[in-house]
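# Secondary and tertiary structure notes
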Amino acid sequence: VGVAMKRREFITLVVGAAAQWSSRAARAEVLPVIGFVSSRSSADSRYVVSAFRKGLMESGYIEGQNVKIEFRWAEGKYDGLPALVNDLIAQGINVLVAVGGEPSAFAAKAATSTIPIVFTTGGDPVKAGLVTSLNRPGGNATGISLMTTAPESKRLGLLHEIVPKAALTGVLINPTYAEAENQTREVQDAALSIGQRI
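What comes next is a walk through the structure. (Residues numbered from 1 in each chain as written. Predicted model: local features only at pLDDT ≥ 70, side-chain atom pairs only at ≥ 80, totals over all residues. Heavy atoms only, no water.)

### A short note on the overall build of the chain
Counting its secondary structure elements, the chain contains seven helices and five strands. Reading the chain from its N terminus to its C terminus gives the helix and strand order α-β-α-β-α-β-α-β-α-β-α-α. Here the chain holds 198 residues, and the buried ones make up 39% of them. The contacts in the chain between residues at least 6 apart in sequence include a share of 62% that link residues at least 24 apart. With an accessible surface of roughly 11,200 Å², the chain has 56% of that area assigned to carbon and sulfur atoms. (Helix = DSSP H or I, 4+ residues; strand = E, 2+ residues; numbered from the N terminus. Buried < 20%, exposed > 50% of the residue type's maximum accessible area, 1.4 Å probe, protein only. Contact = heavy atoms within 4.5 Å. Areas by Shrake-Rupley, 256 points an atom, 1.4 Å probe, with all protein chains shown as cover.)

As structure tokens, this is what we get:
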């Protein structure tokens, strides 16, 4: 249910952005175009694309009939994302979907301040500077945060409740991840507040 709700919320955001351009596209008698960029590969993202198409269909948007989708895949090469986003913009997209984490969202936001952007991210989009606030994103970007990295204190707190007598807790953090420093600080602060050695 949680995954389905997230998919529905994401599709609702895309459809909301689509509402801004569908009447213009209808007058011009051309299909509106959704640009879809991901930092991942198409092979890794089959289930994401399937869910995306299904959600669009449930909202009345059928690829090839009343909407066109242009896909671009970075294959894990983050430095290639700006060129992929710029290529989509050159194709005349009406809305830009940026998935696969913050790198895609950052590339999208850096490339346009006018085309609506709908992103997914694992962290806090306010801290990352993608939106002004969660309630009122502002600008041309909005999205869904899965909050996979933000609640470090909550994770450590739950672990402490499960194993309250653990003398030492090990924490693994990828040092090349953009939020590694913040994650480390959050874990250290949380550990200090409950008296846990990490």
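### Regarding the packing of helix α6 (residues 152-162) against helix α7 (residues 180-194)
Here α6 crosses α7 at 40°, and the two axes come no closer than 8 Å. Regarding the angle of α6 to α7, the classification is oblique. Considering the relative orientation of α6 and α7, their crossing is right-handed. Across the interface between the two elements, Glu152, Ser153, Leu156 and His160 of α6 pack against Gln183, Glu186, Val187, Ala190, Ala191 and Ile194 of α7. Residue composition of the contact of α6 with α7, by class: five nonpolar, three polar and two charged. (Axes fitted to C-alpha atoms, helices over the stretch in contact; angles between N-to-C directions. Parallel < 35°, antiparallel > 145°, perpendicular 65-115°, else oblique. Left-handed = near helix turned anticlockwise from the far one by under 90°. Nonpolar A, V, L, I, M, F, W, Y, C, P; charged D, E, K, R; others polar.)

All we've got here are geometric facts, nothing functional implied.
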